[in-house]
Amino acid sequence: MREFLTDVILVANWVLLGHVALFHLVTLLLVLAGARRVWRNRHWQGSEGHGETFASPLTPAVSILVPAHDEEAGILDTLSAALGQRYPALEVVLVDDGSTDRTFELVAARYGLTQVTPRPTACLQVDGEVLSTHRATTGDPLTVIRKTSVGRRSDALNAAINHARHPLICMVDADSLLETEALLQVSRPFVEDPDNVVATGGVIRAANGAVTDRGTVVEPRLARRWVVRVQVLEYLRSFLLGRTGWADAQALLIISGAFGLFRRDLVVEVGGLDAHSLAEDAELVVTLQEHLRRQKRPHRIVFVPEPVCWTEVPETWGVLGRQRKRWSHGLGQLLWKHRRMIGNPRYGTIGLLALPFFLLFELLGPVIELVGLSAVVTSFVLGLVHPATAALMLVLAIALGVLLSATAIAVEELTYHRYGRGRDLLTLMGAAVVEHLWFRWAHSWYRLRGLVAALLRQAPVWTAMPRTGFSGSRPVAEAPAVSLAS
Amino acid sequence: MTQTGAVVVASSVVTGLVVVLLLSVGAAHVARRRREQRNAARRAALVPLVYTLLDGEEAGAVLAGAPAVLDEVVLHLLPQLRGSDRKVLQDLLVTRGVVERAAADLTARAAWRRGRAAMLLGSTASTAHTAGLITLLADRSSQVRCAAARALGKAGDVAAAPHLLAALTAERTLPSGVVGMALLDLGTAALPALREALTSGTAPARALAASLLGLHGDLHGTPALTLTLADDGQPVDVRRAAAEALGRISSPRATDPLCRALTFSAEPVLRHAAAEALGRIGDPAAATALVAGMAADDPGVRAACADALGALGPDGRSRLTQLADGEGPTAGTARGALDALAVRSARLHPMAG
């Protein structure tokens, strides 16, 4: 019996080792591919022709959709940033999804809302009851829809899509700030290749700690909490390099719900966002890919590494845990729903690379890591592993992880260098080490809980994140309305 | 080598890489800050000299030997200038050898060099390198092809128009948006090529030509666009582009074919485009077709018809008011359009009422 247990534990150790090595190898390849792309793009900086895109009559109009539930802390900043986009033709559709705070009152006072009859342009299913529709009287192209909440972001977004009038829809979180040229940059692939591009995504960065003024990030800075700093690093790695790498492999699975641009007609064609998904953004991308591939229609999903949307990330462990559990639960739902695509060559690199990667490393990763960790600890106790060898293995695993983060920091500094203060870079380097000491394991635990929720088919619960608002900002309500949009 | 030894070596290598990367980041950060400060100082010194040159005073000798940052200053200013000022800066770039180097770089090995060279030649608005840029339309790098197309548009040589249109369906294709922007940059001189493409081009060329003729407001293109719209054999994208173009040209001669497209087409996208075009034209003769269109199943078509009725003036608004009195989705859409008109009117005339 003891021999059998020993064998099991040793196998678990080797599985953990193999998993960590394979994960880092694949991620390193992705990061290198992303770094190569970002590095190459660097040569083209300044010659992208954003001015021409802005002036071009061929640039399609965009409806910016903002679902909001209890977002009084930052909603005016978010709207100010959305309406202040340097873009030739846009409208903003804000959905007040059953807010119990002053979200609607603040917006109504700021933009002089008046109630109008709704003018739907699509009839996607919306479970919440649409209570009223309002238009701004300040000259801003703003429509506000009030509806009862059913606790799902996707429901609010489907209500917004039903009232969007323009051919492109841009989904933006209500706690996010778009940089002035973000929309122009992320829409460029649509302008240049309108026949094939169906969706584009941009870079998301953590706004916590940044100095903002009326919806504009004046100076990016790192927050004081390590839990936020590590997330800054995560976002850098994921958006700057990971997604660029996936996009290069034509296998982009996720366009963040915080900032993504889609062709409206196609989103309506696939029935809008999945009402019951907790990862509605990724779900939409995979559904579009599946739909278009099955119909053999040409399509491209593009990731644009330049534009930036700043968003609030969780500042406490509790909120972070709920968010990551929800993401993992949503990923489980997504992989189950699209299980026939996994490993299926009919779906190209999405089926052969991206979905298996997400299944093996993102969804099942926490199981392997936590079971493996337990096996290592047990091995110590039973004296099955030489302590020095185990310690060296641990150092190697941490060093590999830090190498990935250091690559992301290097690419950030050599290309976009948003963090002007040297101390912020030093802190980021510190976060690269800190991440592997405790963040990673806590993260695995949250993801494991999400996986269990998905396996048990628990009812999806979309919990709103408590907002603190953007630092250094003065209340927008005090400032005069200024809109560059027409 | 033992297992432990291998792990020690691997850990050391990875840790070494991390240290090298982090040191590089620090060094790059410091170097960049210094470079930015140096270039800012140089710009501050050079910009007044450039304006002195534009004022017709002698500064060419100093500028000819100025550091490379001057080229960035000049290339930034160039698209904003016309006439003699533009010529002065173009000559300065020629004197500094920038144009010659760019022309040589059109065949460089690195894609970004070819692309940047193409864009630079486009910015100088010189037609001397049109042939080289046309060759780049078939480059193996899509970024270079796009850069060459943009450069041809900026250079303004209308001889490039057929090549740009052909690139839409070439073996190495160019996206229609890039070609469209380049053809728009060529201005009205490209109209004959666009009219030709509308009647005898490939389907993507016909769709693009129709859109661009509409954006130019080309009245002479109306008959061909009307024929294209009415031709059931044309792809729906081409017909939709023709409908949109007819709306932009706003000739009442297009009212009848647009009404027919709105009434008889089975394609919601075409009906939507036809309704929008009728709204742009604003011909009251379209009211009956638009009222009929308000009964469409597609809410987008209904909304477009309602907006178009609102744009027809008093007659259209009166029809909308009648429709709004009823029940069902048609009445709701009509009420929504009337509310939108009221909000717009209140914004434009805040004191009224």
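Residues numbered from 1 in each chain as written. Chains lettered and ligands numbered in written order. Predicted model: local features only at pLDDT ≥ 70, side-chain atom pairs only at ≥ 80, totals over all residues.

*Asks:* I'm lost on the interface of chain A and chain B in this one. Help?
*Replies:* The interface is formed by 46 residues belonging to chain A together with 45 residues belonging to chain B. Broken down by secondary-structure element, the contributors of at least two residues to the side of chain A that touches chain B are α1 (2-44), β3 (114-116), α6 (182-192), α13 (387-414) and α14 (422-455) of chain A. No other element matches α13(A), which puts 16 residues into the side of chain A that touches chain B. Residues of the side of chain A that touches chain B, tallied by class, amount to 25 nonpolar, 13 polar and 8 charged. (Contact = placed C-beta atoms within 7 Å. Helix = DSSP H or I, 4+ residues; strand = E, 2+ residues; numbered from the N terminus. Nonpolar A, V, L, I, M, F, W, Y, C, P; charged D, E, K, R; others polar.)

*Asks:* Would you take a moment to explain the packing of helix α12 (residues 203-216) of chain B against helix α14 (residues 236-249) of chain B for this structure?
*Replies:* Any two packed helices are characterised by the angle at which their axes cross and by the distance between the axes. All names here are of chain B. Contact geometry of α12 with α14 gives a least axis separation of 7 Å together with a crossing angle of 10°. Relative to α14, the element α12 lies roughly parallel. Where α12 abuts α14, its residues A203, R206, A207, A210, S211, L213, G214 and L215 lie against D237, V238, A241, A242, E244, A245, L246, R248 and I249. (Axes fitted to C-alpha atoms, helices over the stretch in contact; angles between N-to-C directions. Parallel < 35°, antiparallel > 145°, perpendicular 65-115°, else oblique.)

*Asks:* So what exactly am I meant to see when it comes to the pairing of strand β4 (residues 130-135) of chain A here?
*Replies:* In the case of a regular strand, side chains alternate between the two sheet surfaces. Residues and elements named next belong to chain A. Pairing geometry for β3 and β4, over 3 bridges, is antiparallel. Paired with T114 across the bridge in β4 is R135. Relative to strand β5 (residues 142-147), β4 runs antiparallel, the two being bridged by 5 bridges. When the sheet's bridge partners are listed, V130 is paired in β5 with K147. (Pairing = 2+ DSSP bridges.)

*Asks:* What is the right way to read the packing of helix α7 (residues 226-248) of chain A against α13(A) from this model?
*Replies:* All names here are of chain A. α13 packs onto α7 with a crossing angle of 70° between their chain directions and a minimal axis gap of 9 Å. It follows that α7 is roughly perpendicular to α13 by the angle criterion. Packed against α7, whose contacting residues are L233, L236, R237, L240 and L241, the element α13 presents L404, S405, A408, V411 and E412 at the interface. In terms of residue class, the contact of α7 with α13 is made up of 7 nonpolar, 1 polar and 2 charged.

*Asks:* Explanation requested: helix α18 (residues 299-311) of chain B in the structure shown.
*Replies:* Turn by turn, an α-helix covers 3.6 residues, leaving residues three or four places apart pointing in a common direction. Residues and elements named next belong to chain B. Given a rise of 1.5 Å per residue, 13 residues ought to cover 18 Å, and the 18 Å separating the end C-alpha atoms of α18 matches this to within 8%. The element α18 is extensively covered by neighbouring structure, given that 11 of its 13 residues are classed as buried. Looking at the residues trailing α18, positive phi occurs at G313, about 95°. (Expected span 1.5 Å × (residues − 1). Buried ≥ 20, exposed ≤ 12 C-beta atoms within 10 Å, placed from the backbone.)

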